[in-house]
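Given next are the chains, with one letter for each unit.
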Amino acid sequence: MGALLNAILWDYDFWVNFASNMISGVLLTLIFGLVVSGVVGHYSERRRAKEQTRKFLEFLERELRRNTTALSTALAELPRGNLPYPLFEVSAWKVSVNSSLLDNLDVELVHPILSAYNRIWAANDLYQNLLEAYFERLAKPSEASEKRYLFFRKTLLDRLRDLEPKLHDSLQQIEIHLGMRDAPVRSPEVPEPARSAPRR
């Protein structure tokens, strides 16, 4: 037994093979661990980004629905001379612009939302001009102040009517991405039948 142990201790090839096998095993374990942790981290990051995008879309959807209600109120009240205040909310859009949330959204989703919010910002600016013209008309009644007030009211109403379909499109796209509604199915285009040349 002692002779066998002594032979093993002094066997150079045995220790070289043992050390190389140990190092190979450690390296393989490290590489496998790094690969697994990288894959898990990648999917965890994708899942986290997807959940963050979903929460952001829900935030946008709630704000756009409130703006849709505000739009209906404004279209009903402005022609009567009433001025509902405030007009539109833009908190969700400010958050998206000041972060990288838009980077995770598809182009077909970003475009209608951007189009709607561009008109919302323009409508809010026009509304401020309308309020100034309204109070100027009250403080200094004149033909010029009346014309200015009527001009801003008409211009704002035109912008609001233009905004209505944009809000609808943006909400529809958000609902599709949130799984709240199915994507619209486009019917295949049927080619028109060829028309024969008129007989002479």
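The structure this text deals with has already been given above.
**As for unusual backbone geometry**
With the exception of glycine, the majority of residues adopt a negative phi angle, and the majority of peptide bonds are in the trans configuration.
Okay, so step 1: Note the cis peptide between Tyr85 and Pro86, where omega equals -5°.
Okay, so step 2: Position of Pro86 among the secondary structure elements: in the loop between helix H2 (12-77) and helix H3 (91-97).

**Focus on the nonpolar core**
Okay, so step 1: In this structure, Phe88, Tyr117, Leu156 and Leu160 are the most contacted members of the largest nonpolar core, which totals 35 residues.
Okay, so step 2: Broken down by secondary-structure element, the contributors of at least two residues to this core are H2, H3, helix H4 (107-139) and helix H5 (143-177).
Okay, so step 3: Among the elements that take part in this core, H4 stands out by supplying 11 residues, more than any other.
Okay, so step 4: Once residues lying within four places of it in the same chain are set aside, the contact partners of Phe88 are Asn67, Ala70, Leu71, Ile120, Ala123, Asn124, Leu160 and Leu163.

**Let's talk about the environment of Glu175**
Okay, so step 1: Take Glu175: it is sitting in helix H5.
Okay, so step 2: The exposure class of Glu175 is buried, given its relative accessible area of 7%.
Okay, so step 3: Distance from Glu175 to Glu58, taken between C-alpha atoms, is 9.0 Å for residues 117 residues apart in sequence.

**A word on the pattern of salt bridges**
Okay, so step 1: If you walk through the whole model with that rule in mind, you get 11 salt bridges.
Okay, so step 2: One salt bridge connects Arg65 with Glu61, and the closest N-O pair in it is separated by 2.5 Å. One end of the pair is Arg65 and the other is Glu61, both in helix H2 and 4 residues apart, which spans about a single turn.
Okay, so step 3: Look at Arg65 and you get partly exposed, because its relative accessible area is 36%.
Okay, so step 4: With its nearest N and O atoms 3.0 Å apart, the salt bridge here joins Arg148 to Glu136. Placement of Arg148 in helix H5 and of Glu136 in helix H4 is noted, with a sequence separation of 12 residues between them.
Okay, so step 5: Residue Arg148 is classed as partly exposed on the basis of its relative accessible area, which comes to 30%.
Okay, so step 6: Within the structure, one salt-bridge network assembled from shared partners comprises Glu61, Arg65 and Glu175.

Conventions used here
Residues numbered from 1 in each chain as written. Predicted model: local features only at pLDDT ≥ 70, side-chain atom pairs only at ≥ 80, totals over all residues. Heavy atoms only, no water. Helix = DSSP H or I, 4+ residues; strand = E, 2+ residues; numbered from the N terminus. Core = buried A, V, L, I, M, F, W, Y, C linked by side-chain atoms within 4.5 Å. Buried < 20%, exposed > 50% of the residue type's maximum accessible area, 1.4 Å probe, protein only. Contact = heavy atoms within 4.5 Å. Salt bridge = Lys/Arg side-chain N within 4 Å of Asp/Glu carboxyl O.

In short, shape yes, function no, at least from these values alone.
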